[in-house]
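Residues per chain, in single letters:
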Amino acid sequence: QVQLVESGGGMVQAGASLRLSCAASGRAFSSLAMGWFRQAPGKEREFVAAISQRGGNTYYGDFVKGRFAISRDNIKNTVYLQMNNLKPEDTAVYYCAGRSVYGVAYAKDDYNYWGQGTQVTVSS
């Protein structure tokens, strides 16, 4: 129904910045609220950020607000996650997720569509 493809991950030093991108195809991107999650080895998938369909409302999980920023471009069908001042604790696989039901959600089970993930590794 919809495909999400993340890009922009990689290995950086602590304090550096990365911008992740998630390109959507298969349906109208503007009908989806979008979110970012991350999962480190041995840990649960953690909520990072979410953005409403039009981009007017954004929400952030614990420890990332103030360093990360989510945004979207509905013309390009792309959602972004700008990550600044990265820390080794941010090392994880980052997943893009879409939600077709109206309203922002914070639990992974509330999202309908998922990308394959992109690895972010932060060295000290």
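This text follows the structure it describes.
Residues numbered from 1 in each chain as written. Predicted model: local features only at pLDDT ≥ 70, side-chain atom pairs only at ≥ 80, totals over all residues. Heavy atoms only, no water.

A. Main features of the pattern of salt bridges. Taken as a whole and assessed by the stated rule, the structure comprises three salt bridges. Of the charged contacts, one joins Arg 38 and Glu 46 as a salt bridge, the two residues approaching to 2.8 Å between their closest N and O atoms. With its nearest N and O atoms 2.9 Å apart, the salt bridge here joins Arg 38 to Asp 90. Taken together, the positions of Arg 38 in strand 4 (residues 33-39) and Asp 90 in the loop between strand 8 (78-83) and strand 9 (92-99) put the pair 52 residues apart, joining distant regions of the chain. Side by side, Arg 38 and Asp 90 carry an identical accessibility label, which is buried. (Salt bridge = Lys/Arg side-chain N within 4 Å of Asp/Glu carboxyl O. Helix = DSSP H or I, 4+ residues; strand = E, 2+ residues; numbered from the N terminus. Buried < 20%, exposed > 50% of the residue type's maximum accessible area, 1.4 Å probe, protein only.)

B. Structural detail: the sheet that holds strand 7 (residues 68-73). Taken in spatial order, the four strands of this open sheet run 1-3-8-7, and their pairing is antiparallel. Each edge of the sheet is formed by a strand with only one pairing partner; in this case those strands are strand 1 (3-7) and strand 7. Direction aside, the axes of adjacent strands within the sheet are offset by 15° on average. Relative to strand 8, strand 7 runs antiparallel, the two being bridged by six bridges. Within strand 8, the position partnered with Ile 70 by the bridge is Leu 81. (Pairing = 2+ DSSP bridges. Axes fitted to C-alpha atoms, helices over the stretch in contact; angles between N-to-C directions.)

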